[in-house]
Amino acid sequence: EPEVTQTPSHQVTQMGQEVILRCVPISNHLYFYWYRQILGQKVEFLVSFYNNEISEKSEIFDDQFSVERPDGSNFTLKIRSTKLEDSAMYFCASGLGSVDQPQHFGDGTRLSIL
Amino acid sequence: AQSVTQLDSHVSVSEGTPVLLRCNYSSSYSPSLFWYVQHPNKGLQLLLKYTSAATLVKGINGFEAEFKKSETSFHLTKPSAHMSDAAEYFCVVSATYNTDKLIFGTGTRLQVFP
């Protein structure tokens, strides 16, 4: 069964540094998402992406965040200047964009900011 | 606005006994509801989904859930727990009007004792 893959599985970065989290969505999916889960808290929506542009973003997704689909397979989340509070598990998901179709999630990238 | 409330943060059962994980939802529209499971150090796997068809939904690994509009509930059940069911379970709602972002509950950690 096709799956969403994320790399790296764990990223450790100094505060203030830029970090890029990578995702390879399922090949026939057209909608892409990032969610995050701070330790001990619920999973939160960050952003959705379709047709090479952001379709929706949450209030968490401020100017330090950006997303990109640099080629036909990868979908990336960039955090420009990381803060301690960015430490979290980041999940990529992809789907067909219908509200009754489930989104498929990757295993996540654990981001630790020192 | 859509939301879900998972009534129990932890549930402990003995192997072979029934499992009940409770979820109540709030939605202005006819919701799509999902249960996802997260095993330790793994991603979010879809267990089952409700999308306005049959109110009793069967999922993977023997789990099922019943949509009860009158009670605004979508409880997850399994007749007989297995040790491998130990994981975190998330009740999730998707809006059906103008967004496909997922809104997660806070999760229920299921422990299964031998």
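Above this text is the structure in question.
Residue indices follow the written sequence of each chain, beginning from 1 at its first position. Chain labels run from A onward and ligand labels from 1 onward, assigned in the order the entries are written. The model is predicted, so local features are restricted to residues of pLDDT at least 70 and side-chain atom pairs to those at 80 or more, both for listing and for counting; the totals for chains, interfaces and linings are taken over all residues. Side-chain measures here rest on the full set of heavy atoms in the structure, leaving out hydrogens and waters.

Peer 1: How do you make sense of the sheet that holds strand 3 (residues 19–24) of chain A when you look at a structure like this?
Peer 2: Residues and elements named next belong to chain A. If you trace the four strands from one edge of the open sheet to the other, you get 1-3-8-7, paired in antiparallel fashion. Looking along the sheet, the strands with just one partner apiece sit at the ends: strand 1 (5–7) and strand 7 (65–68). On average, adjacent strands in this sheet sit at an angle of 20° to one another, irrespective of strand direction. Each pair of strands is called paired provided DSSP finds at least two bridges between the two strands. Working definition: helices are DSSP H or I runs of at least four residues, strands are E runs of at least two. Numbering for both runs from the N terminus. Note that strand 3 and strand 8 (residues 75–79) share five bridges and pair antiparallel. To obtain an axis, a line is fitted to C-alpha atoms, over the contacting stretch when the element is a helix, and the angle between two such axes runs from 0 to 180 degrees between their N-to-C directions.

Peer 1: Please clarify how empty space enclosed by the protein should be interpreted in this entry.
Peer 2: Leftover empty space is mapped by rolling, across the atoms, a probe with the size of a water molecule. Every definition here rests on a 1 Å grid over the protein atoms only: cavities are sets of points where a 1.4 Å probe fits but cannot get out, pockets are open sets enclosed by protein on both sides within 12 Å along at least five of seven lines, and lining residues have some atom within 4 Å of a point. Grid points are joined across faces, edges and corners, and a volume is the space filled by probe spheres set on the points. Across all of its chains, the model carries one cavity of 30 Å³ or more by this definition. Of the volumes computed, that of the largest cavity is approximately 60 Å³. Taken together, 13 residues form the lining of the largest cavity, with Tyr 33, Ser 98, Gln 101 and Gln 103 of chain A together with Asp 100 of chain B sitting closest to its centre. Under the grouping applied here, Gly and all other residues not named as nonpolar or charged are polar, the nonpolar ones being Ala, Val, Leu, Ile, Met, Phe, Trp, Tyr, Cys and Pro and the charged ones Asp, Glu, Lys and Arg. Of the residues that constitute the lining of the largest cavity, the class distribution is six nonpolar, six polar and one charged.

Peer 1: Can you walk me through the packing of aromatic side chains in this structure?
Peer 2: Aromatic ring pairs: the centre-centre distance and the angle between the two ring planes describe each pair. Two aromatic rings from Phe, Tyr or Trp, using only the six-membered ring of Trp, form a pair when their centres are within 6.5 Å; if the ring planes differ by under 30 degrees the pair is stacked, by over 60 it is edge-to-face, and anything between is tilted. Under the criterion given, the structure shown has 19 aromatic pairs over all chains. Relative to Phe 105 of chain A, the ring of Tyr 35 of chain A lies with its centre 5.4 Å away and its plane at 50°, an arrangement referred to as tilted. Taken as a pair, Tyr 35 of chain A in strand 4 (residues 31–37) and Phe 105 of chain A in strand 10 (residues 104–105) lie far apart in primary sequence, 70 residues in all. The buried category is assigned to Phe 105 of chain A, whose relative accessible area is 9%. Here a set of aromatic residues connected by ring pairs shows up, and it is made of Tyr 33, Tyr 35, Phe 45, Phe 91 and Phe 105 of chain A together with Phe 34, Tyr 36, Phe 90 and Phe 104 of chain B. Burial classes: relative accessible area under 20% of the type maximum marks a residue as buried, over 50% as exposed, and values in between as partly exposed (1.4 Å probe, protein chains only).

Peer 1: Before we go on, may I ask you to explain the layout of surface pockets in this structure?
Peer 2: Of the pockets and cavities examined, the largest pocket occupies roughly 490 Å³. What lines the largest pocket is a set of 20 residues, and nearest its centre among them are Glu 1 and Phe 105 of chain A together with Leu 44, Gln 45 and Leu 46 of chain B. When residues of the lining of the largest pocket are assigned to their parent elements, the largest contribution, four residues, is made by strand 6 (residues 44–50) of chain B. Classifying every residue of the lining of the largest pocket gives ten nonpolar, six polar and four charged. In this structure, the second largest pocket is lined by 16 residues; those nearest its centre are Gln 37 and Leu 39 of chain A together with Gln 38, Glu 88 and Arg 109 of chain B. Residue composition of the lining of the second largest pocket, grouped by class: five nonpolar, seven polar and four charged.

Peer 1: Is there a simple way to explain the pairing of strand 6 (residues 53–57) of chain A in this structure?
Peer 2: Regular strands show a simple pattern: their side chains alternate between the two faces of the sheet. Residues and elements named next belong to chain A. For strand 5 (residues 43–50) and strand 6, the ladder comprises four bridges, and the chain directions are antiparallel. Of the residues in strand 6, the one forming a bridge with Val 47 is Lys 57. Counted between consecutive antiparallel strands, the loop separating strand 5 from strand 6 contains two residues, among which Asn 51 sits at a positive phi close to 55°.

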